[in-house]
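Listed here are the chains, written in short residue letters.
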Amino acid sequence: AYHQATKHSWESVRRGGRALDWENRPPPFKAYRGVEKIDLPRDLPGLEVRAMDALAGSAGRGEKVPARPPSVEDLSRLLQLGAGAHRPVRFPDGELVHFRTYASAGALYPNEAYLVCGDLPGLPGAVYHYDPLTHALDRLRPGDHRGNLVRACAGEPAVAEAPATLVVTGIPWRTGWKYGDRGYRHLFWDAGMIVANVLAVAAAEGLGARVVLGFADGEIEALIGLDPRREFPLCLVPVGEGDLVRAGPQPPEAVAFEEEPASAREGRFPAILEVNDAGRLTDPRAAARWRGADLGAEGQAWPQPVVVEPAPPPSDPLDRVILRRGSARDFGPGSLPAEVLAAILAAATGGVPTDLVPTGERLTRVFLVANAVPGLPTGALAYQDHRFHLLRAGEFRRKA
């Protein structure tokens with residue numbers, strides 16, 4: 001029902017957007033009052049790992065590396081390249097925008113990142129909030145609280161073995177300010193950009209990482225101190241491997257923290273709250289049942305394939321690619337060769353290590369309209385299992 005109510009139509013994309021209240025725009029950074037800040041290391045050595053190799057490693061297709069715990073330097077690089085701020089730009093009207101290391105719809109940055117870890121060299125165990133503006137950790141709860149995560153995730157092995165776990169959340173007001181109820185989609189799109197960077201950086205650092213989506217929402221909210229009407233936990237990303245941590249016997253005691261106000265008047269979106277509530281898991285048993293569900297992910301038989309050999313990967317290192325890319329759009333002239341398109345799609349569909357579907361299966365399908373791709377027929381195509389399949393030949397540029 002939410003999808004049907006918020007999807008675009010031929011008419012809706014031509015109508016004017018929401019009237020924006022610029023005086024009441026939510027800030028893109030979350031700021032706490034009265035918490036200890038721990039600066040993270042800066043000016044770390046670069047990652048001399050090719051970006052495409054890191055992407056293959058994050059999808060489980062790279063060379064298997066021995067598991068190890070992350071260092072504070074690893075976590076600093078992972079947070080900075082995954083969810084950091086790196087490019088302040090002052091616009092002619094005086095507005096200062098801190099662009100991030102990931103793309104965000106409308107540069108609204110509705111996501112936050114938290115870290116739950118045990119004692120690591122140079123970093124005591126605690127529940128932290130990552131402040132990208134200062135590249136520092138806000139210490140929210142001292143001590144090792146990983147057992148609470150293991151319980152909330154119903155014993156998910158990747159969480160139980162991880163010395164550190166990132167928690168990515170979404171704040172609907174930041175994106176709903178511009179996009180209304182449709183902004184719920186943006187929480188996940190933008191979080192996906194963060195997670196893509198995190199997985200690639202973890203692979204480049206020689207650390208295992210996995211995306212965990214099955215957890216008891218209320219227990220994560222209580223642990224981090226979230227207001228469930230204002231900020232939603234979206235996913236967990238356990239990083240590295242260490243000694244096994246057992247699940248805590250009880251849910252965590254809820255805490256609350258004083259924050260700088262988000263806006264003078266914070267808007268609420270009933271449709272967003274309703275759809276988020278529909279997807280909440282009430283307790284660890286519900287998370288275990290969800291994880292064991294048969295989602296029926298299958299491929300589909302398409303017409304005769306068009307075989308294209310992917311172009312060899314460029315040699316650009318991962319960290320330079322992330323910092324260069326951000327959310328910039330710089331389109332060059334000319335056509336996109338089929339070999340380059342094949343390499344891009346092979347990387348993009350390489351799979352994500354997650355508790356959602358078994359390795360090698362996926363819940364998405366890729367279609368494209370090829371207008372001027374040397375090496376591909378013009379028309380509507382499907383892309384599956386590293387092959388293109390022509391569904392309908394013809395000129396569809398204007399329709400697309």
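Anything mentioned here points back to the structure above.
The structure presented is a predicted model; accordingly, all values stated were derived computationally and were not measured.

Colleague: Looking at this structure, I do not really get the overall build of the protein. What am I missing?
Modeller: Along the backbone of the protein there are 12 helices and 12 strands. Its C-alpha atoms give the protein a radius of gyration of 22 Å, near enough to 21 Å, the size a compact globule of 400 residues would have. In terms of its C-alpha atoms, the protein occupies a principal-axis envelope of roughly 60 × 50 × 45 Å. For the protein, buried positions account for 45% of its 400 residues. Pairs at least 24 residues apart make up 77% of the contacts formed inside the protein by residues separated by at least 6 positions. Surface summary for the protein: the accessible area is close to 20,400 Å², and the carbon and sulfur share equals 54%. Considering the protein, the positive charge centre built from 46 side chains and the negative charge centre built from 49 side chains are found 6 Å apart.

Colleague: Would you mind going over the pairing of strand E11 (residues 379-384) with me for this structure?
Modeller: Looking along a regular strand, one sees side chains alternate from face to face of the sheet. Most of E11 sits inside the fold, with 5 of its 6 residues counted as buried. Examined bridge by bridge, strand E10 (residues 366-370) and E11 share 5 bridges and lie antiparallel to one another. The partner of Val366 across the bridge, within E11, is Tyr383. With 6 bridges joining them, E11 and strand E12 (residues 387-393) adopt antiparallel strand pairing.

Colleague: Is there a simple way to explain the packing of aromatic side chains in this structure?
Modeller: What describes a pair of aromatic rings is the distance from one ring centre to the other and the angle between the planes of the rings. Applying the stated criterion to the full structure yields 10 aromatic pairs. Ring geometry for Tyr32 versus Phe257: centroids 5.9 Å apart, planes at 90°, classification edge-to-face. Of this pair, Tyr32 sits in the loop between helix H1 (2-6) and strand E1 (36-39) while Phe257 sits in the loop between strand E8 (232-239) and helix H9 (270-278), placing them 225 residues apart in sequence. For Tyr32, a relative accessible area of 11% corresponds to the buried category. Among the aromatic residues, those joined into a cluster by ring pairs are Tyr2, Tyr184, Phe188 and Phe232. Above the face of the Phe99 ring, Arg87 is positioned so that its terminal group lies 4.7 Å from the ring centre.

Colleague: So what exactly am I meant to see when it comes to the sheet that holds strand E4 (residues 111-117) here?
Modeller: Across a sheet, paired strands are connected by hydrogen bonds in the backbone, their directions being either parallel or antiparallel. Overall, antiparallel pairing links the 6 strands, which are arranged E1-E6-E5-E4-E7-E8 in an open sheet. Each of the sheet's edge strands pairs with one partner strand only, and the pair in question is E1 and E8. With strand direction ignored, the average angle separating the axes of adjacent strands in the sheet is 30°. Taken together, the 4 bridges between E4 and strand E5 (residues 126-131) define a ladder with antiparallel strand orientation. Along E5, the bridge assignment pairs Val116 with Val127. Seen against the sheet, helix H7 (residues 183-204) touches E4, strand E7 (164-170) and E8 and runs at an angle of roughly 10° to E8.

Colleague: What is the right way to look at the pattern of salt bridges in this model?
Modeller: Enumeration over the complete set of coordinates arrives at 24 salt bridges. With a shortest N-O distance of 2.5 Å, Arg139 and Glu36 are connected by a salt bridge. Residue Arg139 is located in strand E6 (residues 136-142), and its partner Glu36 is located in strand E1; the two are separated by 103 residues in the primary sequence. Of the residues examined, Arg139 reaches a relative accessible area of 22% and is grouped as partly exposed. You can call Glu36 partly exposed: its relative accessible area is 41%. A salt bridge links Arg291 to Glu156; the nearest nitrogen and oxygen atoms lie 3.4 Å apart. On the criterion of sequence distance, the pair formed by Arg291 in helix H10 (residues 284-291) and Glu156 in the loop between helix H4 (146-152) and helix H5 (157-160) is long-range, its members being 135 residues apart. The class for Glu156 is buried, based on a relative accessible area of 6%.

Colleague: When you look at the nonpolar core in this model, what are you seeing that I'm missing?
Modeller: Soluble globular proteins tend to bury their nonpolar side chains together. In this structure, Leu115, Leu123, Tyr128, Leu137, Val237 and Leu318 are the most contacted members of the largest nonpolar core, which totals 57 residues. Apart from the residues lying within four places of it in its own chain, the contact partners of Leu123 are Ile38, Val72, Leu75, Leu115, Cys117, Gly118, Tyr128 and Leu137. With 20 residues, the next largest nonpolar core counts Tyr114, Val127, Phe215 and Leu236 among its residues.

Analysis parameters
Along each chain, numbering runs from 1 in the same order as the chain's sequence is written. Restriction of local features to residues with pLDDT of at least 70 applies here, the model being predicted, together with a cutoff of 80 or more for giving and counting side-chain atom pairs; totals for whole chains, interfaces and linings are based on all residues. Processing note: side-chain calculations cover all non-hydrogen atoms of the structure and skip hydrogens and water entirely. Going along the chain from the N terminus, every DSSP run of H or I of four or more residues is numbered as a helix, and every run of E of two or more is numbered as a strand. With C-alpha atoms as the basis for the radius of gyration, the globule rule is written as 2.2 Å multiplied by the number of residues raised to the power 0.38. For each residue, the accessible area found with a 1.4 Å probe, counting protein chains only, is set against the maximum for its type, and the residue is called buried under 20%, exposed over 50%, and partly exposed in between. Contact between two residues is taken to exist if any of their heavy atoms lie within 4.5 Å; hydrogens are not considered. Accessible areas in this description were obtained via Shrake-Rupley with a 1.4 Å probe; residue shielding takes into account the shown protein chains only. In summary, the charge assignment counts Lys and Arg as positive and Asp and Glu as negative, without counting His or the chain termini. Note that the charge is assigned to NZ on lysines, CZ on arginines, CG on aspartates and CD on glutamates. DSSP-based pairing: two strands are paired if at least 2 bridges between them are found. When two rings of Phe, Tyr or Trp (its six-membered ring) have centres within 6.5 Å they constitute a pair, described as stacked for plane angles under 30 degrees, edge-to-face for angles over 60, and tilted for the intermediate range. Geometrically, a lysine NZ or arginine CZ counts as sitting over a ring once it is within 6 Å of the ring centre and also within 35 degrees of the ring normal. Fitted lines through C-alpha atoms give the axes, limited to the stretch in contact for helices. The angle between two N-to-C directions lies from 0 to 180 degrees. By definition here, a salt bridge exists when the distance from a side-chain nitrogen of Lys or Arg to a carboxyl oxygen of Asp or Glu is within 4 Å. Nine residue types can take part in a nonpolar core, namely buried Ala, Val, Leu, Ile, Met, Phe, Trp, Tyr and Cys, and a core is a set of them joined through side-chain atoms within 4.5 Å.

Function cannot be inferred from these measures alone, as they are strictly geometric.
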